[in-house]
Structure formats: C-alpha cells, structure tokens
Amino acid sequence: MNAGDSPDAPPLNRSTHWLTRFVLLRVLGLVYAVAFLAAARQILPLIGSQGLLPEDPYLNRVRDYLGSTAAGFARLPSLFWFWHSDAALLIAAWTGFALACAVLVGFANAPMLAVLWALYMSFVHAGQDWYGYGWETQLLETGFLGIFLCPLLDARPFPRRAPPAPIIWLFRWLIFRIMLGAGLIKLRGDRVWRDLTALYYHFETQPIPGPLSRWFHFLPRAALRAGVIFNHIAEIVAPWFVFWPQTARRVAGIVIILFQVTLILSGNLSFLNWITIVPALACLDDAFWAKVLPGPLVRQAERAAAAALPSKAMRTTGWAVAGLVALLSFQPVMNLLSAHQMMNTSFDPLDLVNTYGAFGSVGRERLNVVFEGTNDAAPNDSADWKAYPYKYLPVDLAKAPPQIAPFQPRLDWQMWFAAMGTPGQYQWTLHLVWKLLHNDPGTLSLFGGNPFPDHPPRYIRAVLYRYRFARPGNPQGLWWERDKLGLWLPALSTDNPQYRQFLAAYGWLR
C-alpha cells in the first residue's frame, strides 16, 4: 500500500514538514538526553560543592561584581542563582534527562522544550570552563527554536497543528550560519585549510580520537586533500543552497548531513556534529521523508495533516520569533563578514542567536599532560612514578581509542586544551592535584583508574608528552608512540607551604 492510498489522507508534499518535525525533534531529544546524562554523571566533581570549580563561590563573585543577584541573573540567566546546591544540580540534570527521553520517544510540546532549554542554559551559565564550548550555545539556540515548532499543549508525535513555516526557515538560517561560519574561520585562519593539508594532522591531533581516527590519519595524502575539499564544499558552498527550491535545498541538506556523519565516524567531537544535523534536517521536506521512512509512520503523518486545524497563535508566534531572530542576527552577520571573525560567541544573555566555528587552527603535534604520583621520598626522575589514566585521552600506548561521542568527558576535553597552555592558564589543575593527593572520590571518578587505591601518593606531578599514532600492524601492537618533553607541573605535596597558600587564596584549601 502506497503512502497516499487513503482518500482521507492525501499524500504529503514538498511544502509540508510533518515528518521533518517528527525527525528533527527526535534527534534534538537524543542530543538533550546525552547532554543531561553527561551532566548527571560529572557535574558534582566539576562544579559541585566539593568540585574542581565550585559554582557557589563563582556565582557569589559574579553577584558581588555586578552588585546583586538580579544583575547576575540578567547577565548569566540560570536557575542555580536561586538554588545552588549539589541536590539542585542533580535534580536539574536528571529532570532534564527524563524530559529529553520523552522527547526522544515521540512526546513534545512547547512547555517541555522550554523547560529543557531553561535547564540546560542553567548548566551552561554556571558551568564555567567545563561548559565553554560552542556546541553548548548551539544546543541552546537550536533548543529555543524547537520550542516554537511544537503546539502549546498537544505532545503527541503528530499533533493537530502543522509546523509553522517561519520556524522551519529559521532552522535553515541557523544551519547557514553554523556551516558558513565554520568554513570562513578555517579559510581566514590556518593556511593548512587553504593548501589542503589540514587532514594530514587533524585526525591525530583532535581532542579525543575515535577507533577509526588512525585509519583516517593514514589514508593516502590524495584522499586527505580530497577530504579538505569536501569540507569546503560542505561548509562554504552548500550553505548558500539551503534557501533554494526543493532539489537544490535537499542536495545541500544531504551534503551537510553526510559531512557531519563523516566527522562522527572520524573522531569524538562531543555532540557537536549531532546538534549540527538537527537544523540541517529542515532542508528536507515531507516528500523526501515519505520515501525513506516506514510506511505506517508516513500514514500517521498524512492522517494528522488531513485533520490539521489552523493555529493563528502558532503562526503569529512563529513570525514574532522570526522578527526577534532577525534583529538579533545583525551582530552575528557582521561577525561573519569581518576579517577578524570570532568563533563561538554569544551576543545576548539568552544565547538566542550566536556565531559558530571550529578548528580555525589545526595543531601539528599532539600534546598530552599525564598526571603521575609516587610514594618515594625523593620526587625525582628515578622515583617510582605511576600514571593516572584518563578515561578517554591516550595514556597507555597499547590502548585503542574508544567511541564515546556524543557523550562528552569534560575533564579529558579540558586537559586537551591545557596541554597547549600552562598551569597558570588552567589554575584548576592545581586544585585537581590537591584532590589527587587526598584520593578524592569525586575527582578520581573523572579518571579511568586510581594507581593508589590503598592510600594517596606523597607527591603528584604532571608530565608533558608528544603523542603520535603508531602505524597499523606494528610488531608491538601499539596504537600510540610518545616522546617525553618535560615537566608540565613540578612535583607537589600537601606539606608545600607555597602550594597551600595558593590554594587558600582561591578558597580551595579544605
């Protein structure tokens, strides 16, 4: 039976988006679910009362600087201004996860999406270094638009209200800015994107490689140069066609989605590629989805479309949101046109319309900081140093990189950045060392293991290494090779008076 056989349910066409909304909201629900699950599992050792960067003193500093809690909320809107405790963090995370799962399985209305948006914004604005990534604001902007794609109360997968056309166009406007911003920052930034050599380095030096990253890294140089060309087609050429008629728009959407799938396969870039797929789905209409989705699902959408009731409120709200986005788009557009383009920047407190970009520069070598502990009396190179394994960053040379995205291990990500800087630029690493010197369970939960299970070590140091992929098929069966470059952080102990004085100044000595 074909999708349009029922006389009461005419076939869907290229001007309708019932199935588009269904698919888009399911993927959005998946991203929200993973993001809230990551928060539930990591938030306490990161910003809890005993965390590496506790939220309580942070919010207090912001309040004191701006003059009041109201001013702090206006600058960094977050529900945690009104209740910041470990219980509040966990309740918000698990509530968000539960609501996101409901959206994932097919139930969504405007209040549900609004609560998800408000809860996640609360984490982003209180999360400090741990939530300073471009995909956090990208999820907020995407989630904000998702609120107005749904009816006010009807949470069924196929409600009686059609998706508002202005919101579909706003999703296309979003994917246009995401992709073009990412493309321009590359062309304006590192020359390796212009001479087509970026992928000679990217797969090895990206934050957290995946199980296929080494295979990509050792592809023939011609294939890697072709990959950069595909990158430019997806980010520079395809975005201009997302506003065109059906065929061109579909091709643009498919190219963008295939490009994101390639990035998903080649590394662990958190949920960046997944949340980028969400607005790209708006390039595909019901006539497309009717050909690829199961027949029963298509017929449900046809019946909903046949019984649909017009909604002046949804239509008016959709145009009002479009007007708001148009006004807030001025600065992001000026940023796109600027020779001094900024990546991943918000221009309003609610992160409604932002600018995006990734990998404007590509590292030529992979640096990695490894924390090591010892119980020997003299913390020199001859001491018996034992490494703290990360969960996902390479330490063990024989361990294959796992697949973890869209989940994001936030300590691993921050340590990738820290390896390119100094302890003075990432002062929370000194707090982390203090925690390791006390076998703090929360901090240790962020690592892949504890080499001192019975009692904490006497000294902790951090060593800087250069890692590179070992060629496949090597006799030792290694995934990595490495060179020791020197100390990133000298050995520290709990009885070091200067160290204790530093920690006390930040309120970390407990």
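A brief look at the structure comes next. Since we're looking at a predicted model, the values are computed, not measured.

### Some details on the overall build of the protein chain
- Helix and strand content of the protein chain: 21 helices and six strands.
- For the protein chain, the spread of C-alpha atoms along the three principal axes comes to 85 × 60 × 45 Å.
- Considering the protein chain as a whole, with its 510 residues, one finds that 55% of them fall into the buried category.
- Here the contacts in the protein chain between residues at least 6 apart in sequence split such that 76% fall between residues at least 24 apart.
- Element-wise, carbon and sulfur atoms account for 63% of the exposed surface of the protein chain, whose accessible area totals about 21000 Å².

### What to know about the pairing of strand 3 (residues 366-374)
- The element strand 3 is extensively covered by neighbouring structure, given that nine of its nine residues are classed as buried.
- Along strand 3, one buried face is formed by Arg 366, Asn 368, Val 370, Glu 372 and Thr 374 and the opposite face, lined by Leu 367, Val 369, Phe 371 and Gly 373, is buried too.
- As paired strands, strand 3 and strand 4 (residues 386-387) are joined by two bridges and run antiparallel to one another. The residue of strand 4 that forms the bridge with Glu 372 is Ala 387.

### Observations concerning the side chain of Gln 341
- Looking at the secondary structure, you find Gln 341 in the loop between helix 17 (330-337) and strand 1 (345-346).
- Within the structure, Gln 341 has its side chain in polar contact with the backbone oxygen of Gly 181 (distance 3.0 Å).
- Not counting residues within four places of it along the chain, the set of residues in contact with Gln 341 comprises Gly 181, Leu 184, Ile 185, Arg 188, Asn 335, Leu 336 and Tyr 356.

### Focus: the environment of Thr 16
- When you line up the elements, Thr 16 lands in the segment before helix 1 (18-47).
- Sequence separation between Thr 16 and Ala 280 is 264 residues, and the spatial gap between their C-alpha atoms is 16 Å.
- Other than its neighbours up to four places away in sequence, Thr 16 contacts Asp 285 and Asp 286.
- A distance of 2.7 Å separates the side chain of Thr 16 from the side chain of Asp 286, its partner in a polar contact.

### So, the pattern of salt bridges
- Going through the model one piece at a time under the given rule, you end up with 16 salt bridges.
- In this structure, the salt-bridge partner of Glu 136 is Arg 410, at a minimum N-O distance of 2.7 Å. Residue Glu 136 is located in helix 6 (residues 134-147), and its partner Arg 410 is located in helix 18 (residues 410-418); the two are separated by 274 residues in the primary sequence. Accessibility assignment for this pair places Glu 136 and Arg 410 in one class, buried.
- Residue Arg 364 pairs with Asp 190 through a salt bridge whose shortest N-O separation is 2.9 Å. In this pair, Arg 364 sits in the loop between strand 2 (354-355) and strand 3 while Asp 190 sits in the loop between helix 7 (165-188) and helix 8 (191-194), placing the two residues 174 residues apart along the sequence.
- Here Asp 190 falls in the buried class, since its relative accessible area comes to 10%.
- A single salt-bridge network, built from bridges that share partners, covers Glu 365, Arg 466, Arg 468, Glu 481 and Asp 483.

Rules and cut-offs
- Residues numbered from 1 in each chain as written.
- Predicted model: local features only at pLDDT ≥ 70, side-chain atom pairs only at ≥ 80, totals over all residues.
- Heavy atoms only, no water.
- Helix = DSSP H or I, 4+ residues; strand = E, 2+ residues; numbered from the N terminus.
- Buried < 20%, exposed > 50% of the residue type's maximum accessible area, 1.4 Å probe, protein only.
- Contact = heavy atoms within 4.5 Å.
- Areas by Shrake-Rupley, 256 points an atom, 1.4 Å probe, with all protein chains shown as cover.
- Pairing = 2+ DSSP bridges.
- Polar contact = N/O pair within 3.5 Å; in protein donor to acceptor, adjacent residues only side chain to side chain.
- Salt bridge = Lys/Arg side-chain N within 4 Å of Asp/Glu carboxyl O.

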